[in-house]
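So you can see what is in the structure, the chains are spelled out below.
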Amino acid sequence: PLLFNEITRGESAERAPGALAVVPVAATEQHGPHLPLGTDTFLVETVARQAAAQAAHEIDVLVTPTLAVGASHHHFPFGGTLSLGSETYYRAVRDIVVSLIRDGFQRIFVINGHGGNHELIQVVVRDLVLEHQANLAAASYWDLARAALAEQATDVTGRLPGHAGYFETAMLMAIRPDLVRTPLPRRSEEEITRAAVPGTPYRLERAGHWTSIGGHTDSPLEATPEVGQRLLGVVVPAVAATFVEFARLPLLWEENPASR
């Protein structure tokens, strides 16, 4: 079985020392007028499970239940949002990873589907590896696939991943078309330019940014299920390859007992 929830405690104990545990984290928040509140959860869960299925040809891998509430306070002005504060979210992810370590897992990958979680999950693994003997990793799925998308999906428009724009809309159309509402909103090039976050060598945050752009970053109007399937066909293998690469990294404390 690929799913953590489908094995027994004995099977967990047997597989934990050699298996990769994948922890999908996401959000429940507004996604414009056309996408459901669970968009990030549906997408990262699909990517994580399909990538694990591909990676399972080469490694032992288990996917935990998805943490479906993230750090989403910036979406509260629109309603339809459940959120944990940054400190609470950090503790929640940390406790999940520590639980897996206590269960005997030595290789744990936190895979993210919501931009607001990105920095926090990285801090979790940075901190925990100083306290526990484990190989830990954290990344957003689109970053793992960014190079492949740049090479294989050059016609994809809009921000990557953006929020409730072309990329996410097309991906959700591919896996849950029944949840995408019509008509799809349209953004002009001028509006997209105005909504863009300028590239700066510092972290830029401006109060009122999300309300000023209506809660979605670019135009989903041209998104189709076919585009979404093609995007999944690029994203999933890239994530699967990362899982395999990470799972095969040596456990350094075993190679260097004196470091214990």
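Residues numbered from 1 in each chain as written. Predicted model: local features only at pLDDT ≥ 70, side-chain atom pairs only at ≥ 80, totals over all residues. Heavy atoms only, no water.

Asker: Describe the side chain of His-75, naming the residues involved and giving the relevant values.
Answerer: Mapping His-75 onto the fold places it in the loop between strand E2 (61-63) and helix H3 (86-102). Once you skip the residues sitting within four places of it in the chain, His-75 turns out to touch Glu-29, Gln-30, Thr-81, His-114, His-163 and Trp-210. (Helix = DSSP H or I, 4+ residues; strand = E, 2+ residues; numbered from the N terminus. Contact = heavy atoms within 4.5 Å.)

Asker: Lay out the pairing of strand E3 (residues 107-112) in plain terms, naming residues and giving numbers.
Answerer: The buried fraction of E3 is high, at six of six residues. Burial along E3 is two-sided: Arg-107, Phe-109 and Ile-111 and Ile-108, Val-110 and Asn-112, pointing in opposite directions, are all buried. As defined by bridge partners, strand E1 (residues 20-25) adjoins E3 across six bridges and the pair is classed as parallel. Its bridge partner being in E3, Val-23 is matched across the sheet by Val-110. Bridge analysis of E3 against strand E4 (residues 135-140) gives six bridges, and the strand direction is parallel. Following the sheet pairing, Val-110 is matched in E4 by Ala-138. Taken together, E3, helix H4 (residues 118-128) and E4 constitute a β-α-β crossover, and its handedness is right-handed. (Buried < 20%, exposed > 50% of the residue type's maximum accessible area, 1.4 Å probe, protein only. Pairing = 2+ DSSP bridges. Right-handed = clockwise from strand over helix to strand, strands pointing away.)

Asker: Tell me what's going on with H3, and back it up with residues and numbers.
Answerer: End to end, H3 covers 24 Å across 17 residues, agreeing with the expected 24 Å (1.5 Å per residue, within 8%). Along H3, the positions that sit buried rather than exposed are Tyr-89, Tyr-90, Val-93, Arg-94, Val-97, Val-98, Leu-100 and Ile-101. When H3 is viewed along its axis, its buried side chains cluster within an angular range of 165 degrees and face the same direction. Check the buried side of H3 and you find it contacts E1, E3, H4 and E4. Looking one or two residues past H3, Gly-104 carries a phi angle of roughly 110 degrees, positive in sign. (Expected span 1.5 Å × (residues − 1). Arc of directions from axis to C-beta.)

Asker: Now, about the environment of Ser-12: what can you tell me, with residues and values included?
Answerer: Tracing the backbone through its elements, the reader meets Ser-12 in helix H1 (residues 9-15). Judged by relative accessible area, Ser-12 falls into the buried class, the value being 10%. As a C-alpha pair, Ser-12 and Asp-103 span 91 residues in sequence and 7.7 Å in three-dimensional space. Setting aside residues up to four positions removed in sequence, Ser-12 forms contacts with Phe-4, Ile-7 and Phe-105.

Asker: So, the sheet that holds E3: which residues are in play, and what are the values?
Answerer: Across the sheet, four strands lie side by side as E2-E1-E3-E4; this open sheet has parallel pairing. Pairing within the sheet leaves two strands with one partner each, and these edge strands are E2 and E4. On average, each strand axis in the sheet is inclined to that of its neighbour by 20 degrees, with strand direction left out of account. Together, E1, E3 and E4 form the strand contacts of H3, whose direction differs from that of E3 by roughly 150 degrees. (Axes fitted to C-alpha atoms, helices over the stretch in contact; angles between N-to-C directions.)

Asker: Can you lay out the packing of aromatic side chains for me, pointing to particular residues and giving the numbers?
Answerer: The relation between two aromatic rings is expressed through the spacing of the ring centres and the mutual angle of the planes. Inspection of the entire model under this criterion finds four aromatic pairs. Note on Tyr-141 and Trp-142: the rings are 5.1 Å apart at their centroids and 75 degrees apart in plane angle, and the pair reads as edge-to-face. Per residue, the accessibility class of Tyr-141 equals that of Trp-142, and both read buried. Aromatic ring contacts, followed pair by pair, group Phe-109, Phe-243 and Phe-246 into a single cluster. Stacked on the ring of Phe-42, the Lys or Arg Arg-176 has its end atom at 5.6 Å from the ring centre. (Phe/Tyr/Trp six-rings, centres within 6.5 Å; stacked < 30°, edge-to-face > 60°. Lys NZ or Arg CZ within 6 Å of the ring centre and 35° of its normal.)

Asker: Let's hear about the side chain of Ser-72: which residues, and what values?
Answerer: Position of Ser-72 relative to the elements: it lies in the loop between E2 and H3. Relative accessible area serves as the criterion here: at 0%, Ser-72 is assigned to the buried category. Setting aside its immediate chain neighbours within four residues, Ser-72 contacts Ala-27, Glu-29, Thr-81, Leu-82, Ser-83, Leu-84 and His-114.

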